[in-house]
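One-letter residues, chain by chain:
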Amino acid sequence: MKKWKIDLSIPAVFILFGALTFIMTFPLYFKINTHISGFFSTDEPSVWYFWWLRYAYQHHISTAFSSLVAAPFGLDFSFVERVYPLWTALKKILAVHTNEFCSYNLEVVSGFILSGFFAYLLVRYLTKRNLIGLFSGVIFAFCPYHFARAWQHLGLAHTQWLPLYLFALFRLKEKVNKWNIVFALISLYLIFAFDLYYAYFSIILSTIFVLYFLYKEKKEGLKVSFWVAAVVLVNIALLFFAFFPILRTININSSSANAWGIVRPFEDLFTQSARPLSYFLPPSFHPLFGRITEGFVGTSLYGTSFTEHSLYLGWLPLVLALFVFKRWRRQKGEQAKGEENFYIGFFIVLALAAWLFSQPPWWNWFGLKVYMPSFFMYKLLPMFRAYCRFGIVVMLAVAVLAGFGLKYILEKLKKQKTKIAVAVLACILLLFEFWNYPPFKIIELKAPQAYSWLRNQAGDFAIAEYPIDINGPNELYKFYQTRHEKRIINGTIPGTYANAIAMKIARLSEADTAGNLSWLGVKYVLVHREGYLNTELAEDAEELSKIPNNTMLKLVKSFSPEQGLKDGSFFTQAQGQIDIYEVRAAPLEPKIKEAR
């Protein structure tokens, strides 16, 4: 009987990435049920959805529609469940068996572990070296881009499927059979099933792979290219069928297109694109070198966002990648026809292409516009606006190239112990380059005392939080609902009827607003004073001073400010004074132009 041989390095490497994730996200593991991964500018802690899935399960109601937000109209989540059925199913399993914090954190932690592990598998396959795979896995898993996403956008933190898909493509290149075709199909579906941005990137990546393969190996490339195209088209078809119910009801030039994110402002392509120093300056959250970068944040050289422009590739990976590039360029004749040469050439092309895609719509050279890919792609796909996110593809390509660079260095060493020592030292240097604490990057989402009071108020009624969120759902308002469990009129989606009403009642001091709130079923209004004062706009401060003059609102409770920093870990923000008003007006239907 044939005995199966188990490569013990596989589970060992998986456990190792789990241990490294424990270190790099410290002390998240110890706070997994009470805190979430985040930092000082985190303003989208989307734990509400996990709470909603658990709430719906406990109350035996459908998760596809929630009447608890955007009350009394509610929000339709069937679109999300159609586009991301696998991810939604995973969230439901986590939400039912844990709490909303643990569910959120398990996704973050798994993203780091799997990103490193799949990058390891990819590079080990290309280089035939375990140590090199481990090194590249550390680069990809713990790069600043990944941390910035884990602290802000949970969907974008799922970077793990990109190296897995590339692994599948290279296996398909080696041999076209049903197993490798299915592997490529599943791995690409996993990308599509977790984030549309990465689905978009994977299509570009597939195109580059096919074109490069056809250029290098025209005859053999046709068969592989056919199956790669088939894999991509099947996944696009599945996505289209998920989108179709929405697309057939949307006028692409109407506000409803914006409501579903089908069309995004062209101007965003400039603010959310990579800048000259985005890839080369250490992240602003590095405890030692971050201060250097802080001086450039907000400038045209680096970019405006701590999150979007944390694209640092690391100087060690860059030096190793440059070394490989120069070595690749020097190779001539027969020496340049090997498999490694193919791999290195592909990742050089991929890095360059992804870097170009991450640029703004055009470069302005002394008055001459040089158009970049994002300008043309926006015409075709206006739903994508943050092209700096192509930085993760650049990072993946650099991680692979750096792996080859370390491989060539280690090949010059004779002793195995020396090779291991050099590889370990390289990983330690990498982790130092990508270090992110102190302070700890975790947030204790703590609801102010006002919501405990609100929870104890009897009756079925809705509340309103002010300043009202009209430009997109305020995730903090939604999180507070997990504590008071009352319906909220907040959380509306721009372009919807509920959002049109929210814009109508944005000024709480106006005479009709109280009546409109009463018509919406609102009993209490919570006014966050800091929300008005922090904008430093005179009109907001003036609006705040006028609210007590509205005779249809009665001040019933006022809660003092609460501290927002504790024991080295951040609350989402310091909580200012919260005034609670009771609505005393007769119901008055808002008069708005947009029809339901």
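Look a little higher up for the structure.
Right, let's walk through the structure included here. This structure is a prediction, so every number in the text was calculated from the model and none was measured. Numbering of residues starts from 1 in every chain and runs along the sequence as written. Reporting in this predicted model follows two pLDDT cut-offs: at least 70 for local features of residues, and 80 or more for side-chain atom pairs to be given and counted; totals over whole chains, interfaces and linings ignore these cut-offs and use all residues. With hydrogens and water excluded, all non-hydrogen atoms of the structure serve as input to the side-chain values.

Some words on helix 8 (residues 161-174)
When the terminal C-alpha atoms of helix 8 are compared, their 20 Å separation across 14 residues agrees well with the 20 Å that a helix rising 1.5 Å per residue should span. The classification of residues rests on relative accessible area computed with a 1.4 Å probe and restricted to protein chains. Under 20% of the type maximum is buried, over 50% is exposed, and intermediate values are partly exposed. For the purposes of this entry, the term helix denotes a DSSP run of H or I that reaches at least four residues, the term strand denotes a run of E that reaches at least two, and both are numbered from the N terminus. Counted residue by residue, helix 8 has twelve buried out of 14 residues, so it is predominantly covered. For helix 8, the set of buried residues is Trp161, Leu162, Pro163, Leu164, Tyr165, Leu166, Phe167, Ala168, Leu169, Phe170, Leu172 and Lys173. Given the number of residues in a helix, its expected span is that number minus one, multiplied by 1.5 Å.

Things to note about the nonpolar core
Only buried Ala, Val, Leu, Ile, Met, Phe, Trp, Tyr and Cys residues count toward a nonpolar core, and they belong to the same one when joined by side-chain atoms within 4.5 Å. The biggest cluster of nonpolar side chains holds 167 residues, and the ones touching the most others in it are Trp52, Phe142, Leu166, Phe170, Phe347 and Ile392. When sequence neighbours within four positions are dropped, the list of residues in contact with Phe142 reads Phe17, Leu20, Thr21, Met24, Phe112, Phe147, Leu431 and Phe434. Judged by nonpolar contacts, the second largest core, of 23 residues, contains Ile501, Ala502, Ile505 and Val522. What makes two residues a contact is simply this: any of their non-hydrogen atoms within 4.5 Å.

Points about helix 2 (residues 48-58)
Most of helix 2 sits out of view: eight of its eleven residues are buried. Residues of helix 2 that are buried: Trp48, Tyr49, Phe50, Trp51, Trp52, Leu53, Tyr55 and Ala56. Positive phi appears at His60, one or two residues downstream of helix 2, with a value of about 55 degrees.

With respect to the packing of aromatic side chains
For Phe, Tyr and Trp, where Trp contributes only its six-membered ring, two rings pair if their centres lie within 6.5 Å, and the inter-plane angle classes them as stacked under 30 degrees, edge-to-face over 60, or tilted in between. As enumerated under the stated definition, the model contains 75 aromatic pairs in all. Measuring from ring centre to ring centre gives 5.8 Å for Phe118 and Trp161, while their planes differ by 35 degrees; the resulting arrangement is tilted. Here Phe118 is found in helix 5 (residues 100-127), whereas its partner Trp161 is found in helix 8, with 43 residues between them in sequence. Summarising the aromatic geometry, the rings of Phe266 and Phe270 are spaced 5.7 Å apart at their centres and angled 85 degrees between planes, so their arrangement reads as edge-to-face. Taken together, the ring pairs connect Phe14, Tyr84, Trp87, Phe117, Phe118, Tyr120, Trp161 and Phe194 into an aromatic cluster. To sit over a ring, a charge needs its Lys NZ or Arg CZ within 6 Å of the ring centre and within 35 degrees of the ring normal. When the ring centre of Phe342 is taken as origin, the NZ or CZ atom of Lys173, which lies over that ring, is 4.6 Å away. We note Arg327 situated over the ring of Tyr408; from NZ or CZ to the ring centre the distance is 3.7 Å.

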